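Listed below, chain by chain, are the residues.
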Amino acid sequence: MLDTANLRILIPANEISDRVLALGARITADYHADGRVPHLICVLKGGCMFLSDLMRAVNLPVTIDFIAVSSYGSETTSSGEVRLTKDLDQSLDGRDVLFVEDIVDTGLTLSYLTDTFRRRGARSVKIAALLSKPARRQIEVPIDYVGFEIPDEFVVGYGLDHAERYRNLPFIGVVENPTAV
Ligand code: 5GP
């Protein structure tokens, strides 16, 4: 069985689903008003659960694609290094890109991704992040749609891992003692 004794619940599942529905409604209204359709780019692996819920909450004929970047590995502090490990399948020419990311921490990942993908011909580039840790920011990135601002604590669940575990938790939890996990 999944051992959750070392976890403290920070955001329960019902609060996540309420917030994701609200974000989906805002995205629908904003893009519809501009006569646009978002091309959702999920940042793997952490963004997978947010994407699957968010895309069902957007009432527009969205398209999706996936990228993967290097991230924490089994560490709980950022290396500051950003590396594209899986590129997109489709061209971005003229698309209205909406990045779907689990969490913005230092901001390095999304600053790199938005710069890179603007140069690839996207018409617009916006960001949806389920979580944001403002206290940790090293580079300012404008997050257009943010689920929750959280304190500087290492969180897992709802797509987020610690050493590849806990991604399947339906809530966001804090690992009380990361070295003991
Ligand atoms: P940034 O480039 O903004 O520093 O980091 C973004 C990435 O770091 C996220 O996509 C995520 O993979 C990882 N990350 C940042 N904070 C946390 C956290 O509290 N928990 C987990 N599991 N990953 C995190």
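Quick word on the overall build of the protein chain
Part 1: The helix and strand inventory of the protein chain stands at three helices and nine strands.
Part 2: Listing the helices and strands of the protein chain from first to last along the sequence gives β-α-β-α-β-β-β-α-β-β-β-β.
Part 3: Expected size for 181 residues packed as a compact globule is a radius of gyration near 16 Å; at 16 Å, the protein chain falls within 12% of this value.
Part 4: With the C-alpha coordinates aligned to their principal axes, the bounding extent of the protein chain is approximately 50 × 35 × 30 Å.

Observations regarding the packing of helix α1 (residues 13-33) against helix α2 (residues 48-57)
Part 1: For the pair α1 and α2, interaxial distance at closest approach is 8 Å and the crossing angle is 50 degrees. Accordingly, the angle class assigned to the pair α1 and α2 is oblique. With respect to the hand of their crossing, α1 and α2 are arranged in right-handed fashion. On the side of α1, the interface is formed by Val-20, Leu-21, Leu-23, Gly-24, Ala-25, Ile-27 and Thr-28, while α2 contributes Phe-50, Asp-53, Leu-54 and Ala-57.
Part 2: A per-class count over the contact of α1 with α2 returns eight nonpolar, two polar and one charged.

Examining the sheet that holds strand β9 (residues 172-175)
Part 1: Across the sheet, which stays open at both edges, the three strands sit in the order β1-β9-β8 with antiparallel pairing between neighbours. In this open sheet, the two edge strands, each paired with only one partner strand, are β1 (7-11) and β8 (155-156).
Part 2: Relative to β9, β1 runs antiparallel, the two being bridged by four bridges. Looking across to β9, one finds that Ile-9 is bridged to Gly-173.

Points about the pairing of strand β2 (residues 38-44)
Two faces make up the sheet, and in a regular strand the side chains alternate between them.
Part 1: By the criterion of burial, β2 is predominantly enclosed, with six of the seven residues buried.
Part 2: Alignment of β2 against strand β5 (residues 96-104), held across five bridges, turns out to be parallel. When the sheet's bridge partners are listed, His-39 is paired in β5 with Val-97.
Part 3: Taken together, β2, α2 and strand β3 (residues 63-69) form a β-α-β motif whose crossover is right-handed.

Looking at the packing of aromatic side chains
Part 1: A full pass over the atoms with the stated rule returns one aromatic pair.
Part 2: Seen in terms of ring centroids, Phe-99 and Phe-117 are 5.5 Å apart; in terms of plane orientation they differ by 80 degrees. Their pairing is edge-to-face. On the criterion of sequence distance, the pair formed by Phe-99 in strand β5 and Phe-117 in helix α3 (residues 108-118) is long-range, its members being 18 residues apart.
Part 3: When its relative accessible area of 0% is taken as the criterion, Phe-99 is described as buried.

Looking at α2
Part 1: Within α2 the residues assigned to the buried category are Phe-50, Leu-51, Leu-54 and Ala-57. On an axial view of α2, the arc spanned by its buried residues comes to 130 degrees, and they lie on one face.
Part 2: Buried residues in α2 make contact with α1, β2, β3, β5 and β6 (124-132).

A few points about the pairing of β6
Part 1: With eight of its nine residues buried, β6 lies for the most part within the structure.
Part 2: Sheet topology note: the β5/β6 ladder contains eight bridges and is parallel. The residue bridging Glu-101 from the neighbouring strand is Ala-129, located in β6.
Part 3: A crossover connection joins β5 to the parallel β6 through α3; in handedness this β-α-β unit is right-handed.
Part 4: Sheet topology places β6 next to strand β7 (residues 145-149); four bridges connect them, and they run parallel. Looking at the pairing, Leu-131 lines up with Phe-148 of β7.

Rules used throughout
Residues numbered from 1 in each chain as written. Predicted model: local features only at pLDDT ≥ 70, side-chain atom pairs only at ≥ 80, totals over all residues. Heavy atoms only, no water. Helix = DSSP H or I, 4+ residues; strand = E, 2+ residues; numbered from the N terminus. Rg over C-alpha atoms; globule rule 2.2 N^0.38 Å. Axes fitted to C-alpha atoms, helices over the stretch in contact; angles between N-to-C directions. Parallel < 35°, antiparallel > 145°, perpendicular 65-115°, else oblique. Left-handed = near helix turned anticlockwise from the far one by under 90°. Contact = heavy atoms within 4.5 Å. Nonpolar A, V, L, I, M, F, W, Y, C, P; charged D, E, K, R; others polar. Pairing = 2+ DSSP bridges. Buried < 20%, exposed > 50% of the residue type's maximum accessible area, 1.4 Å probe, protein only. Right-handed = clockwise from strand over helix to strand, strands pointing away. Phe/Tyr/Trp six-rings, centres within 6.5 Å; stacked < 30°, edge-to-face > 60°. Arc of directions from axis to C-beta.

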